[in-house]
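# Fold and contact review
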Amino acid sequence: MIDYLNKETYNFYLPENLIATNPNYDRDKCKLMTMNIKTGEIEHKFFYDIIDYLKKDDVLVLNDSKVIPARIYAKKKTGGIVEILLLQKIDSSENFWECLIRGKNIKEKDILFLNYSSNNIEAIIEKDNISTKLIRFSKPLNNEILNNIGNIPLPPYIIQNRKKRGESEYNDRDKEFYQNIYAKNEGSIASPTSGLHFTSELLDKIKNIGIEICYITLHVGFSTFNPLKEDNLKNHKMHEEKFIIEKETADLVKEAKKEGIRIVACGTTVARVLESEFDNGDFKKLNGATNIFIYPPYKFKCVDALITNFHTPHSTLLAMVSAFAGYENIMNAYKNAIENDYRFFSYGDAMFMY
């Protein structure tokens, strides 16, 4: 019997060469695995073939959150380099941010220095929480400053693997290709990567066959990439992530569910928002924050089909797709993907489960 609460249930061996460290520069020409979750049947396609699996009147929901240049570097008074990852701003002034810090012996009241236009911006550690730190910046970290001093927050494994392969940590195309083409609402510290495969031309084709496209915003934060650390999933804490559901989206989804029309979620971020807030034919709220953690034997109540990438071992996302498609189906699909040299994780290939 499968123990769905055991962290090790969501583990698998992945050859390192299948970890994607660069994007598909022809976005919709990546590999696409399709899986019928009722039969477990798998087919191998390209992403542009997804149009053959979508139905007239389907509602396709996309996450339009935009990644901010959230990785910044600072110096201690001693000259030591500190890496700061901005998680979320705490107030509208943009002076206070919840952050992760990579550096030695950083404690409350320490002052770090960011170089901006030949002037230092001071970063004062106001509060040292268990896993994060509250930092007060002497200047608001507005778009101008962030674009000047910040870097696209690529996942650490991409940077580490690039270093191993003798590549530079960042390249000129990351700013473009770690962002969805429809991204507009700034706030994410990681890309909703299942949408990276869409092109404007493909979205136009999808609209032209009678599929409704609508948007939610979920600002991807700490929860999405925080791995399972507790042996029992019940003890894993999901951090809250802020969301907004457009009224037009809410109305489309409600009407579609009433009419028995499929809701196609592009990404686990969209699925989390819809499953968190849709209940008994209506939405509980259209903006707020969610810390929902989905794992088997959860039964989906809103999402009928899911577009996603291939996820990391010991991740909450692997647990979520196991709840959606069935654990055995997912493990078989991942084994099949490895045998067929699919690229994994953020810059990797795609999967459509229906």
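Scroll up to find the structure.
Residues numbered from 1 in each chain as written. Predicted model: local features only at pLDDT ≥ 70, side-chain atom pairs only at ≥ 80, totals over all residues. Heavy atoms only, no water.

## Observations concerning the overall build of the chain
Of the regular secondary structure elements, the chain holds 9 helices and 19 strands. The C-alpha radius of gyration of the chain comes to 21 Å, within 12% of the 20 Å expected for a compact globule of 354 residues. Its C-alpha atoms put the chain at 60 × 45 × 40 Å along the principal axes. Looking at the chain residue by residue over its 354 residues, the buried ones come to 55%. A separation threshold of at least 6 residues defines the contact pool for the chain, and within that pool the share at least 24 residues apart is 71%. As displayed, the chain offers around 16,200 Å² of accessible surface, 46% of which is attributable to carbon and sulfur atoms. Averaging the coordinates of the 47 positive side-chain charges in the chain and doing the same for the 49 negative ones gives two points 5 Å apart. (Helix = DSSP H or I, 4+ residues; strand = E, 2+ residues; numbered from the N terminus. Rg over C-alpha atoms; globule rule 2.2 N^0.38 Å. Buried < 20%, exposed > 50% of the residue type's maximum accessible area, 1.4 Å probe, protein only. Contact = heavy atoms within 4.5 Å. Areas by Shrake-Rupley, 256 points an atom, 1.4 Å probe, with all protein chains shown as cover. Lys, Arg positive; Asp, Glu negative; His and termini not counted. Charge placed at Lys NZ, Arg CZ, Asp CG, Glu CD.)

## So, the nonpolar core
Judged by nonpolar contacts, the single largest core of 69 residues is most densely connected at Val61, Ile330, Tyr334, Phe344, Met351 and Met353. When residues of this core are assigned to their parent elements, the largest contribution, 7 residues, is made by helix α8 (residues 316-325). Setting aside its immediate chain neighbours within four residues, Val61 contacts Cys214, Ile216, Thr249, Val253, Ile263, Val264, Ala265, Cys266, Val270 and Leu274. In terms of nonpolar packing, the next biggest core, distinct from the first, is built from 27 residues, Ala70, Leu112, Ile121 and Ala123 among them. (Core = buried A, V, L, I, M, F, W, Y, C linked by side-chain atoms within 4.5 Å.)

## Concerning the packing of aromatic side chains
Following the criterion strictly, the structure yields 21 aromatic pairs and no others. Between the aromatic rings of Tyr4 and Tyr327, the centroid separation amounts to 6.3 Å while the plane-to-plane angle is 70 degrees, which identifies the pairing as edge-to-face. In this pair, Tyr4 sits in the segment before β1 (31-35) while Tyr327 sits in helix α9 (residues 327-339), placing the two residues 323 residues apart along the sequence. Its relative accessible area of 14% is what places Tyr327 among the buried residues. Between the aromatic rings of Phe310 and Tyr334, the centroid separation amounts to 5.3 Å while the plane-to-plane angle is 65 degrees, which identifies the pairing as edge-to-face. Linking Phe310 in the loop between β18 (305-309) and α8 with Tyr334 in helix α9, this pair joins segments that are 24 residues apart in sequence. This pair shows no difference in class: Phe310 is buried, exactly as Tyr334 is. Lying over the aromatic face of Tyr342, Lys31 brings its terminal NZ or CZ to 5.2 Å of the ring centre. (Phe/Tyr/Trp six-rings, centres within 6.5 Å; stacked < 30°, edge-to-face > 60°. Lys NZ or Arg CZ within 6 Å of the ring centre and 35° of its normal.)

## Brief notes about the pattern of salt bridges
Tallied over the full model, the rule gives 19 salt bridges. In this structure, the salt-bridge partner of Glu277 is Lys285, at a minimum N-O distance of 3.3 Å. Assessed through its relative accessible area of 1%, Glu277 is described here as buried. Judged by relative accessible area, Lys285 falls into the partly exposed class, the value being 35%. Within the structure, one salt-bridge network assembled from shared partners comprises Lys247, Asp251, Lys254 and Asp282. (Salt bridge = Lys/Arg side-chain N within 4 Å of Asp/Glu carboxyl O.)

## Comments concerning the environment of Ser322
Among the secondary structure elements, Ser322 is positioned in helix α8. Between the C-alpha atoms of Ser322 and Asn115, which are 207 residues apart in sequence, the distance is 45 Å. Among residues more than four places away in sequence, those in contact with Ser322 are Tyr10, Pro296, Tyr327 and Ile330.

## Notes on the sheet that holds β1
One open sheet holds the 9 strands; their spatial order is β2-β1-β19-β18-β14-β3-β12-β13-β17, and the pairing between them is mixed. This sheet does not close on itself; its edge strands, each paired only once, are β2 (42-46) and β17 (287-290). Adjacent strand axes in the sheet meet at a mean angle of 25 degrees, parallel and antiparallel pairs treated alike. Bridging between strand β3 (residues 59-63) and strand β12 (residues 212-218) involves 5 bridges; their strand directions are parallel. Paired with Leu60 across the two strands is Ile213, which belongs to β12. Sheet strands touched by helix α6 (residues 247-259): β3, β12, β13 (241-245) and β14 (263-266). Its angle to β12, the strand with the most contacts, is close to 125 degrees. (Pairing = 2+ DSSP bridges. Axes fitted to C-alpha atoms, helices over the stretch in contact; angles between N-to-C directions.)

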